[in-house]
Amino acid sequence: MDGRNPPAPRRRLLTRGLAMIAGGLGLGLTAKVPHTHAAERAPRRDTSTTRTLTLYGRSWRMYGTNHRHGETPMAGDRLTTYGELLDSSGGASIGEFHAASFSTGSSFVTGSYAIGSVEIHTFNLRDGTIIGMGASTGGNTVFAVTGGTGRYLGAAGSYVARQDPSDLGGDGSAEFRFTFLTNA
């Protein structure tokens with residue numbers, strides 16, 4: 001052996017040193033770039049274009065295996081609601097409404113339907129189906145449009161529902177005011 005150090009370890013040391021300097025410079029440059037949250041970078045849906053629809057209901061009924069006419073549903077009750085959909089108040093029939101609801105028995109809910117529920121709605125219409133869901137507190141409640149078929153394929157938005165089933169002492173009417181987001 002001649003006592004000289006082979007060139008490979010020196011080359012590795014120089015390469016590592018240069019990599020550390022480059023990494024430090026990179027960190028210094030990124031520190032000057034303003035930080036943005038993921039929500040700020042996410043594409044936003046244009047909500048300025050909407051379409052509305054109002055449906056009315058009659059013969060609104062509620063049915064449950066152990067549910068008696070006139071009784072408020074109790075926590076844990078599973079019920080179905082159904083009725084006829086109309087194009088105007090007292091107008092022509094244009095479809096059917098069906099819902100599955102699960103009573104939650106929330107003690108903080110007030111009003112004539114004091115027991116809260118989680119509901120899944122199906123609006124079967126001549127030109128397609130609208131699907132919606134949400135939590136009801138009685139009276140006017142806002143639900144989400146979760147999809148649809150036919151004319152309502154890809155539907156998104158929300159609707160305000162007022163349901164007054166005759167089984168709970170109501171007049172058997174309903175009204176649904178939809179606001180659909182449209183793809184402009």
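This text goes with the structure placed above it.
What comes next is a walk through the structure. Just so you know, these numbers come straight off a predicted model, no measurement behind them. (Residues numbered from 1 in each chain as written. Predicted model: local features only at pLDDT ≥ 70, side-chain atom pairs only at ≥ 80, totals over all residues. Heavy atoms only, no water.)

### Quick look at the pattern of salt bridges
Stage number 1. What the rule picks out here adds up to four salt bridges.
Stage number 2. The salt bridge partner of arginine 177 is glutamate 175, with a shortest N-O separation of 3.5 Å. (Salt bridge = Lys/Arg side-chain N within 4 Å of Asp/Glu carboxyl O.)

### A few points about the environment of alanine 161
Stage number 1. Following the sequence through the fold, alanine 161 ends up in strand S7 (residues 157-164).
Stage number 2. With a relative accessible area of 1%, alanine 161 lands in the buried category.
Stage number 3. In this structure, the C-alpha to C-alpha distance between alanine 161 and glycine 139, residues 22 residues apart in sequence, is 7.9 Å.
Stage number 4. Once residues within four sequence positions are removed from consideration, alanine 161 is found in contact with Gly139, Asn140, Thr141, Phe143, Glu175 and Phe176. (Helix = DSSP H or I, 4+ residues; strand = E, 2+ residues; numbered from the N terminus. Buried < 20%, exposed > 50% of the residue type's maximum accessible area, 1.4 Å probe, protein only. Contact = heavy atoms within 4.5 Å.)

### Let's talk about the sheet that holds strand S8 (residues 173-181)
Stage number 1. With antiparallel pairing, the eight strands of this closed barrel are ordered in space as S1-S2-S3-S4-S5-S6-S7-S8. Pairs of neighbouring strands in the sheet enclose a mean axial angle of 30°, with direction left out of account.
Stage number 2. Bridge count for strand S1 (residues 50-63) against S8 is eight bridges, and the pairing is antiparallel. Bridge pairing in S8 links threonine 54 to arginine 177. (Pairing = 2+ DSSP bridges. Axes fitted to C-alpha atoms, helices over the stretch in contact; angles between N-to-C directions.)

### Quick word on the side chain of threonine 141
Stage number 1. Of note, threonine 141 is situated in strand S6 (residues 140-148).
Stage number 2. On the basis of relative accessible area, threonine 141 is assigned to the buried category, the value being 5%.
Stage number 3. Discounting chain neighbours no more than four positions away, the residues touching threonine 141 are Ala135, Ser136, Tyr159, Val160 and Ala161.

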